[in-house]
Amino acid sequence: MSSGPFFVGVDVGTGSARAALVACDGRVLEQAVQTIQTWNPEPGYYNQSSDNIWQSICQVVKKVIGGVDKSKVKGIGFDATCSLVVLGPQGSPLTVSKSGEAEQNIILWMDHRAEQETQEINAFKHSLLKYVGGQVSLEMEVPKLLWLKRNLSQTFGNIWRVFDLPDFLTWRATGVDTRSLCSVVCKWNYDAANGSWNKEFLKQADLEELTQNNFEKLGSDVQPPGRTVGKGLTAKAAGELGLSAGTVVSTSLIDAHAGALGMFGCRSKESKGADDVQGKMALIAGTSTCHMSITRKACFAQGVWGPYQDAIIPGYFLNEGGQSIAGHLLDHVLKSHESYAELKSQLGEDKFIYQHLNKLLPELAAARGLSQVGCLTQDVHVWPDLHGNRSPIADPTLRGVITGLDMTRGTESLAIKYLAFVQALAYGTRHIIENLYQYGRAPFQTLLFCGGLAKNPLYVQCHADICNLPALIPDEQEMVLVGAAALGAAASGHFDSLESASKSMGGTGQLVKPNAETLEFHNRKYKVFLQLLENQRQYRRIMQADTK
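Remember, predicted model here, so these are calculated numbers, not experimental data.

To continue, consider the sheet that holds strand 4 (residues 47-48). Overall, antiparallel pairing links the four strands, which are arranged 4-7-6-8 in an open sheet. Looking at strand neighbours, the two that pair on one side only are strand 4 and strand 8 (161-164), the edges of this open sheet. Sheet analysis places strand 4 next to strand 7 (residues 106-107), joined by two bridges and oriented antiparallel. Opposite Asn-47, over in strand 7, you have Ile-107 as the bridge partner. Helix 3 (residues 141-151) contacts strand 6 (84-87), strand 7 and strand 8 of the sheet and is inclined by roughly 40 degrees relative to strand 6.

A few words now on the pattern of salt bridges. According to the stated counting rule, one finds 23 salt bridges in the structure shown. Lys-269 serves as the salt-bridge partner of Asp-475, at 3.0 Å between the closest nitrogen and oxygen. Of this pair, Asp-475 sits in the loop between strand 21 (471-474) and helix 16 (479-491) while Lys-269 sits in the loop between strand 13 (267-268) and strand 14 (280-285), and the two are 206 residues apart along the sequence. Residue Asp-475 is classed as partly exposed on the basis of its relative accessible area, which comes to 43%. Accessibility expressed as a relative area gives 56% for Lys-269, which makes it exposed. Each of Asp-11, Arg-18 and Glu-478 takes part in a single network of salt bridges with overlapping partners.

Turning next to the UniProt feature "domain: Carbohydrate kinase FGGY N-terminal" (unreviewed entry) in the protein chain. As recorded in UniProt, the sites labelled "domain: Carbohydrate kinase FGGY N-terminal" (unreviewed entry) are residues 7-262. With 32% helix and 20% strand, residues 7-262 has its two end C-alpha atoms placed 14 Å apart.

Next up on the list: the pairing of strand 17 (residues 317-323). Within strand 17, seven of the seven residues are buried, leaving the element largely enclosed by the surrounding structure. Burial along strand 17 is two-sided: Phe-317, Asn-319, Gly-321 and Gln-323 facing one way and Leu-318, Glu-320 and Gly-322 facing the other are all buried. Relative to strand 17, strand 15 (residues 289-295) runs antiparallel, the two being bridged by seven bridges. For His-291, the partnering residue across the bridge sits in strand 17 and is Gly-321.

The next subject is the nonpolar core. In terms of nonpolar packing, the biggest core is built from 82 residues, with Leu-145, Leu-148, Leu-218, Met-292 and Tyr-308 touching the most fellow members. By residue number, the principal contributor to this core is helix 16, which donates nine residues. When residues no more than four places from it in sequence are discounted, the contact partners of Leu-145 are Leu-84, Phe-156, Val-162, Trp-188, Leu-207, Leu-210 and Leu-218. Among the nonpolar cores identified, the runner-up in size contains 62 residues, and Ile-416, Val-422, Leu-453 and Leu-458 belong to it.

Further remarks concern the sheet that holds strand 21. The strand order across the open sheet formed by eight strands is 13-22-21-20-14-15-17-16, and the pairing between neighbours is mixed. This sheet does not close on itself; its edge strands, each paired only once, are strand 13 and strand 16 (305-309). As defined by bridge partners, strand 13 adjoins strand 22 (residues 508-512) across two bridges and the pair is classed as parallel. Bridge assignment links Ser-268 to a residue of strand 22, and that residue is Gly-509. Each of strand 14, strand 15, strand 17, strand 20 (446-450) and strand 21 is contacted by helix 10 (residues 255-264), which is oriented at about 135 degrees to strand 14, the strand it contacts most.

Parameters at a glance
Residues numbered from 1 in each chain as written. Predicted model: local features only at pLDDT ≥ 70, side-chain atom pairs only at ≥ 80, totals over all residues. Heavy atoms only, no water. Pairing = 2+ DSSP bridges. Helix = DSSP H or I, 4+ residues; strand = E, 2+ residues; numbered from the N terminus. Contact = heavy atoms within 4.5 Å. Axes fitted to C-alpha atoms, helices over the stretch in contact; angles between N-to-C directions. Salt bridge = Lys/Arg side-chain N within 4 Å of Asp/Glu carboxyl O. Buried < 20%, exposed > 50% of the residue type's maximum accessible area, 1.4 Å probe, protein only. UniProt positions renumbered as here; feature names shortened; annotations may be inferred. Core = buried A, V, L, I, M, F, W, Y, C linked by side-chain atoms within 4.5 Å.

Following this line, the structure appears as structure tokens:
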């Protein structure tokens, strides 16, 4: 192990808290994970506990720093899901549960209870909504706050502070109430262009109570990511974490955004000369996929969230696209196929089934006399939005389409269907990219991947081929933890800016080049892909005609 300095990155995902001890070159030296508790009292409702999460963080941080001199840990950075934390007097938890359990004081990001409130807020068409692709999502915080006001008035009336989970963690660590621009701009409709909360928007949303005393319940001190918070760890927090009091704490990031920060600094081993962060799209590809990119000049693109000013790296605007289901979609294709049970008994874990399918596809192509695997789907076309479209159509009512079904059965039929769905996810990424270009975005030079799907070579190669862009897979797979540690490294002054921390800690990656021989084939299939969207809209018009 290196002699230091070291930085700690803490990442709170949907189901677990993780910590890593990271060297200043971005190598993850130690990591630990601890599950966190989620309550799901009824469909669409998901609650968590800030006490439970903090206890889990303390356990994992103690584990990763156990083998080093704590005086060499120079900074800590936190990232977390964009969940809503509700605190009462003296910072005590306030319930978000209808049944009143005080410990359940977090509404998880994926909670969908505020559907009605979301529709009402969007109906006002406030000018601030141009920063969120034209409409707030029911996963953002303002609709959830309105739900609390209407359904749990005692909780709402007793609020001392409401936090995005990443900002709760920096407050709990330092005792100082600052908010990261990342959270408040991306999920709370903070007006970054004017550097303030928008009183008119909150009044329109029937949340005038939150505007009192200089918006103190929402947070009146908003800082960019990578800044020092207060005087570092309090004595109490330091004791709980096993670190020294005064260890530098950075302003936070949302979890996917921390992954993007880590990846923006990653370079190909072959790259020489300037490496422009503006030419990169970072895909955090797991159950769902986030498509993150930053520009020097604001790009307003319909159906894509942003431009969020200074939300990841100060001086840049973030655009955030996404696919509601990605890995989850491929799992659905696999598990709903008649061959799944047999493959499962033969091969065991799902990852081995995917490896088997990836190996089978070239054999099928060769048997059919095809020089390229991609051409197996010449007649099979998919629109992949079985769970609605997040970007760039922003229509949760869209559904999936498949055309070209035949009588083939068994593993061969699964392999071709799987390939068609993997390609469709890549056409969806191309659709997001071309939508950004339509609104004047500077061209991309590279796609970067982290998350579970980054480990699937077919998924990565299809993206390179279909988007006609080289794909870069970081050598260090835990880029979310690297991004969190980079926050601590920048705040501690080890690097002079968050951008230089990202470049120094992003490391190198393996470059996957696009296959020039399939370019025309994919251009044709992409035309079919767009036609499937038009067809679906046409079918709806036909079916609705009879109901009028």
